[in-house]
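So the chains spell out like this:
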Amino acid sequence: MDLQTLATDLIRRTEKAVEQIAGLSAHTGITFKTADVVDAVERDLPADYPAPTTEGALTRRDVITSMAEDILSGAIYEDQA
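In this text, all values refer to a predicted model and were calculated from it rather than measured experimentally.

A. Seen up close, the packing of helix α2 (residues 34-44) against helix α3 (residues 60-73). Interaxial distance between α2 and α3 falls to 9 Å at its minimum, and their mutual angle equals 125 degrees. The angle between α2 and α3 falls in the class oblique. With respect to the hand of their crossing, α2 and α3 are arranged in right-handed fashion. Where α2 abuts α3, its residues T34, A35, V37, V38, D39, V41 and E42 lie against R60, R61, I64, T65, A68, E69 and L72. When the residues that make up the contact of α2 with α3 are grouped by side-chain class, the tally is seven nonpolar, two polar and five charged.

B. Quick look at α2. Those residues of α2 not exposed but buried are V37, V38, A40 and V41. All buried residues of α2 fall inside an arc of 160 degrees around its axis, so they share one side. Structurally, α2 contributes buried residues whose contacts are with α1 (3-28) and α3.

C. Local environment of the environment of A51. Here A51 is to be found in the loop between α2 and α3. Exposure remark for A51: the relative accessible area of 40% places this residue in the partly exposed category.

D. Region of interest: the side chain of R13. Structurally, the position occupied by R13 is in helix α1. Given a relative accessible area of 15%, R13 falls into the buried group. Every residue in contact with R13, bar those within four places of it in the chain, is listed here: V41, D44, L45, P46 and Y49.

E. Up close: the packing of α1 against α2. The interhelical angle for the contact between α1 and α2, taken along N-to-C directions, is 125 degrees, at an axis separation of 9 Å. Judged by the inter-axis angle, α1 sits oblique to α2. Of the two elements, α1 crosses α2, and the hand of that crossing is right-handed. Within the contact between the two elements, α1 uses L10, R13, T14, K16, A17, V18 and I21 and α2 uses D36, V37, A40, V41 and D44. Class assignment for the residues of the contact of α1 with α2 results in seven nonpolar, one polar and four charged.

F. Here's a closer look at the pattern of salt bridges. Counted according to the given criterion, the structure contains five salt bridges. Between D9 and R13 there is a salt bridge, and its shortest N-O distance comes to 2.8 Å. Linking D9 with R13, this pair stays in helix α1, spanning four residues, or about one helical turn. Of the two residues, D9 and R13, neither departs from the other in class, the shared state being buried. The closest approach of N and O atoms between E42 and R60, which form a salt bridge, is 3.1 Å. Of this pair, E42 sits in helix α2 while R60 sits in helix α3, placing them 18 residues apart in sequence. Linked by salt bridges that have partners in common, D9, R12, R13 and D44 make up one network.

How each quantity is defined
Residues numbered from 1 in each chain as written. Predicted model: local features only at pLDDT ≥ 70, side-chain atom pairs only at ≥ 80, totals over all residues. Heavy atoms only, no water. Axes fitted to C-alpha atoms, helices over the stretch in contact; angles between N-to-C directions. Helix = DSSP H or I, 4+ residues; strand = E, 2+ residues; numbered from the N terminus. Parallel < 35°, antiparallel > 145°, perpendicular 65-115°, else oblique. Left-handed = near helix turned anticlockwise from the far one by under 90°. Contact = heavy atoms within 4.5 Å. Nonpolar A, V, L, I, M, F, W, Y, C, P; charged D, E, K, R; others polar. Buried < 20%, exposed > 50% of the residue type's maximum accessible area, 1.4 Å probe, protein only. Arc of directions from axis to C-beta. Salt bridge = Lys/Arg side-chain N within 4 Å of Asp/Glu carboxyl O.

This is the structure in structure tokens:
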């Protein structure tokens, strides 16, 4: 999987998790944290899903956290208008 495809897939998975968790939160009144989204994405990934391999680089959880925060804030969509 090339990097662009991988990034697009991870964004899609993160958006799906945000929608599911935010929907549950709206219906139940229970608050959630970004870590809950990250956990949901990680649980949904196939066992062989690529992870960063560069020493000292961000972990996959770091990347998903950043994506989730950008999705929740709307920042990820700002340049798409």
